Amino acid sequence: MSNRPTGRSTGRPGPGRARLALALAALLGGGVLTALPAQAAPAAADGLSVQYRTSAGGATADQTEPWLKVRNTGSSPVQLSQVKVRYYFKADSPSDTYRFACSWAVRGCSVVTGTFGTLGNPTATADRYLEIGFTQAAGTLAPGADTGDLQLRFHRANWQTLRQSDDYSFDGAQTSYANWDKVTAQLAGATVWGAAPEGNDPTDPTDPTDPPGGGQSLFDDFDYSSHTDPAISAHGWNVRANSGGPGVPGATWDPSKVTFVSAGGNSVMNLETSTAGTGASTTHTEVLTRATKFRNGTYAARVKFSDAPKSGPDGDHLVQTFFTINDLKAPMADDYAEYDFEYLPNGGWGEPANILYTTSWETYNPEPWQAVNQHSEQRRSYAGWHDLVVTIDDSAITYYVDGQHFGTHDAQYLPERPMSINFNQWLIDLNGQTSTAPRAYDQQVDYVLHVKDQVLTPAQVAAKVAGYRNAGTGFVDEVPAT
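Attention in this report is confined to the structure presented alongside it. Every value quoted in this text rests on a predicted model; they were computed, and no experiment measured them.

Basis of the calculations
- Residues numbered from 1 in each chain as written.
- Predicted model: local features only at pLDDT ≥ 70, side-chain atom pairs only at ≥ 80, totals over all residues.
- Heavy atoms only, no water.
- Helix = DSSP H or I, 4+ residues; strand = E, 2+ residues; numbered from the N terminus.
- Buried < 20%, exposed > 50% of the residue type's maximum accessible area, 1.4 Å probe, protein only.
- Contact = heavy atoms within 4.5 Å.
- Areas by Shrake-Rupley, 256 points an atom, 1.4 Å probe, with all protein chains shown as cover.
- Pairing = 2+ DSSP bridges.
- Axes fitted to C-alpha atoms, helices over the stretch in contact; angles between N-to-C directions.
- Phe/Tyr/Trp six-rings, centres within 6.5 Å; stacked < 30°, edge-to-face > 60°.

Side note on the overall build of the protein
So, point 1. Within the protein one finds two helices and 33 strands.
So, point 2. Burial analysis of the protein (482 residues in total) assigns 57% to the buried set.
So, point 3. Within the protein, counting contacts between residues at least 6 apart in sequence, those at least 24 apart form 75% of the total.
So, point 4. For the protein, the accessible area works out to roughly 17200 Å², and carbon and sulfur atoms hold 49% of it.

Rendered as structure tokens:
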């Protein structure tokens, strides 16, 4: 039995908010699955071109202002939500973080997204990139049409002057729009325009044995027969059965409640949690890697959250999670690390209704409770399937939900030691619902992906997963032991 925290997610992220202390032990739990609907493959496209100009042409500036137009050079309409454009630049210092803004766009800034990534092979003129994307609301781009102006800008988070004259994609003399091949454009994961800095071509993200930048990968499609399938252990997973926290005192972690079914071409893992209003009647579920070998890079999973029970009365203070974690060696130890997606469909930890947290942990003290962390939150329903991505590089932790930026957390919270990968579902307490009628809740997981030491965009994650599935690869683990 391991002595690391039982793949908890620890609980409410806010410092100073009381949360249940965790047991220091690890194995895992179980559940019942339903099928994930098959996803249609993105349509192929004939081509794109990108025009560029700048409205801030100095060698240094308060902010970089790349203005862009994307043109459909093919013969078929293009879904803009499948388009990603990268602008490459050199960070002003290794610890710098950056902020993106859209000043004006013909189609509206609300449909334009901007996220930052770190190159796997830094060059003299680029070690970062700004990736521009579009939401579904951006619609389509007809053959021969362009997006019109995308008046974009980004700046250092501390608003100190930045140097742009040494940036790969910058040209201060480019004051009117012209085709610009020092930015790249991807369509449905394939590069169709431009040249990236040497050694950083984003093309071919679908090759399951060749992740961008050479990072080793863990991928699991969760294609198992039951929680007793020997392949689960062979692939490095534990289905928890040991007692302890987090959650309702006296609850058990039941491996038999982790189940698997196949539908729509995909296998899905289901974690079931149930209660009849007492600790003794409460069962939690958890699945985690035995190895703590995951640190920087990209973590992704497709998870189905539930707002309502599959049976019985609603209202319990439920936590549904995807997270990474290592063990707390001593109260307030500074080498502890944890990075959480936690969905509370019925509130809890003082929240009255559904809320999604992403939390990056520096450390904590179980008794008396003291937390050092940074979190982001959205108070709304997240019932249904969601693509969850968190990236960790040497400067920040960045969270995405369904391809959209959810939060970026500071370098103070970066991991000092490797971690395990975990999913669990559990009840905070029995205060949300006083009935003694039996009820049960499901959380489902379609896949998990980790790419070591490489920051992938959500689009690259989707393409990578599609590549594994197209190749018939249900499991691979290339990540070396630490």
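A look at the sheet that holds strand E5 (residues 66-72)
So, point 1. Pairing in this open sheet of five strands is antiparallel, and the strands run E8-E12-E5-E3-E14 from one edge to the other. The open sheet has two edge strands, strand E8 (98-105) and strand E14 (178-179), and neither has a second partner.
So, point 2. Where strand E3 (residues 48-54) meets E5, seven bridges bridge the pair, whose relative direction is antiparallel. Its bridge partner being in E5, Tyr52 is matched across the sheet by Leu68.

Topic: the sheet that holds strand E9 (residues 112-118)
So, point 1. Sheet architecture is open: five strands sit in the order E9-E10-E7-E15-E16, paired in antiparallel fashion. With one partner strand each, in any of the chains shown, E9 and strand E16 (190-193) form the two edges of the open sheet. Adjacent strand axes in the sheet meet at a mean angle of 30° when their direction is disregarded.
So, point 2. Bridging between strand E15 (residues 183-187) and E16 involves three bridges; their strand directions are antiparallel. For Ala185, the partnering residue across the bridge sits in E16 and is Trp193.

Description of the packing of aromatic side chains
So, point 1. Within this structure, the stated rule accounts for 27 aromatic pairs.
So, point 2. Between Phe222 and Phe423, the ring centres sit 6.1 Å apart and the planes meet at 85°, which makes this aromatic pair edge-to-face. Residue Phe222 is found in the loop between strand E17 (217-220) and helix H1 (230-234), and its partner Phe423 is found in strand E31 (residues 420-427); the two are separated by 201 residues along the sequence.
So, point 3. For Phe222, a relative accessible area of 1% translates into the label buried.
So, point 4. Geometrically, the ring pair formed by Phe341 and Tyr399 is edge-to-face, given 5.4 Å between the ring centres and 80° between the ring planes. Here Phe341, found in strand E25 (residues 338-344), pairs with Tyr399, found in strand E29 (residues 397-401); they are 58 residues apart in sequence, far enough to count as distant. Considered together, Phe341 and Tyr399 belong to a single accessibility category, that of buried residues.

Note that every value here comes from positions in space, so none of it alone points to a role or purpose.
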